[in-house]
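Here is what each chain is made of, one letter per residue.
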Amino acid sequence: MEQRTVVRCAEGHLFSTSTFPMQQLGPRRLGPGRLIRCPQCGRLRSSVPADVNELSALQLARALELEAAPFLA
């Protein structure tokens, strides 16, 4: 089974993604956020990993049902 990361977009929507690459620009990291197309609003949004310990069981289950589109590159 593939590992999925639960993320929260800038609008507060929770969803999951199968990949959450750590991008770098030279020797420095760009930060924890990534641009991912949110499956709820359909827009490219800055998203960060959600703290699953703070989510209810219902929130976690719904986030795992909504999956972001796979990365093209």
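About the cut-offs
Residues numbered from 1 in each chain as written. Predicted model: local features only at pLDDT ≥ 70, side-chain atom pairs only at ≥ 80, totals over all residues. Heavy atoms only, no water. Helix = DSSP H or I, 4+ residues; strand = E, 2+ residues; numbered from the N terminus. Buried < 20%, exposed > 50% of the residue type's maximum accessible area, 1.4 Å probe, protein only. Contact = heavy atoms within 4.5 Å. Pairing = 2+ DSSP bridges. Axes fitted to C-alpha atoms, helices over the stretch in contact; angles between N-to-C directions.

K.L.:
What exactly am I supposed to notice about the overall build of the protein here?
P.N.:
Counting secondary structure elements, the protein contains one helix and six strands. The secondary structure elements of the protein, listed N-terminal to C-terminal, are β-β-β-β-β-β-α. Here the protein holds 73 residues, and the buried ones make up 25% of them. Across the protein, every contact between residues at least 6 apart in sequence was considered, and the portion connecting residues at least 24 apart equals 54%.

K.L.:
What am I meant to see in the pairing of strand 1 (residues 5–9) here?
P.N.:
Remember that side chains alternate between the two faces of the sheet whenever the strand is regular. Pairing geometry for strand 1 and strand 2 (residues 14–17), over four bridges, is antiparallel. Counted as the bridge partner of V6 is S16 from strand 2. If you look at the hairpin formed by strand 1 and strand 2, you'll find four residues sitting between the two strands, and G12 has a positive phi there, around 95°. In this sheet, strand 6 (residues 44–49) lies alongside strand 1 in antiparallel orientation, the contact comprising three bridges. Within strand 6, the residue paired with R8 across the bridge is V48.

K.L.:
So what exactly am I meant to see when it comes to the sheet that holds strand 1 here?
P.N.:
The strands making up a sheet associate through hydrogen bonds between their backbones, and the pairing can be parallel or antiparallel. An order of 2-1-6-5 is seen for the four strands of this open sheet, with the pairing classed as antiparallel. Since the sheet does not close on itself, it has two edges, and those belong to strand 2 and strand 5 (34–37), each with one partner. Across the sheet, the axes of successive neighbouring strands diverge by a mean angle of 50°, strand direction being ignored. Note: strand 5 against strand 6, four bridges, orientation antiparallel. By the bridge assignment for strand 6, I36 is matched with R45.

K.L.:
Just to check I follow, could you spell out the environment of R45 for this structure?
P.N.:
Checked against the element boundaries, R45 lands in strand 6. Among the residues examined, R45 registers a relative accessible area of 19% and is labelled buried. As for R45 and R34, which are separated by 11 residues in sequence, their C-alpha atoms are 7.9 Å apart.

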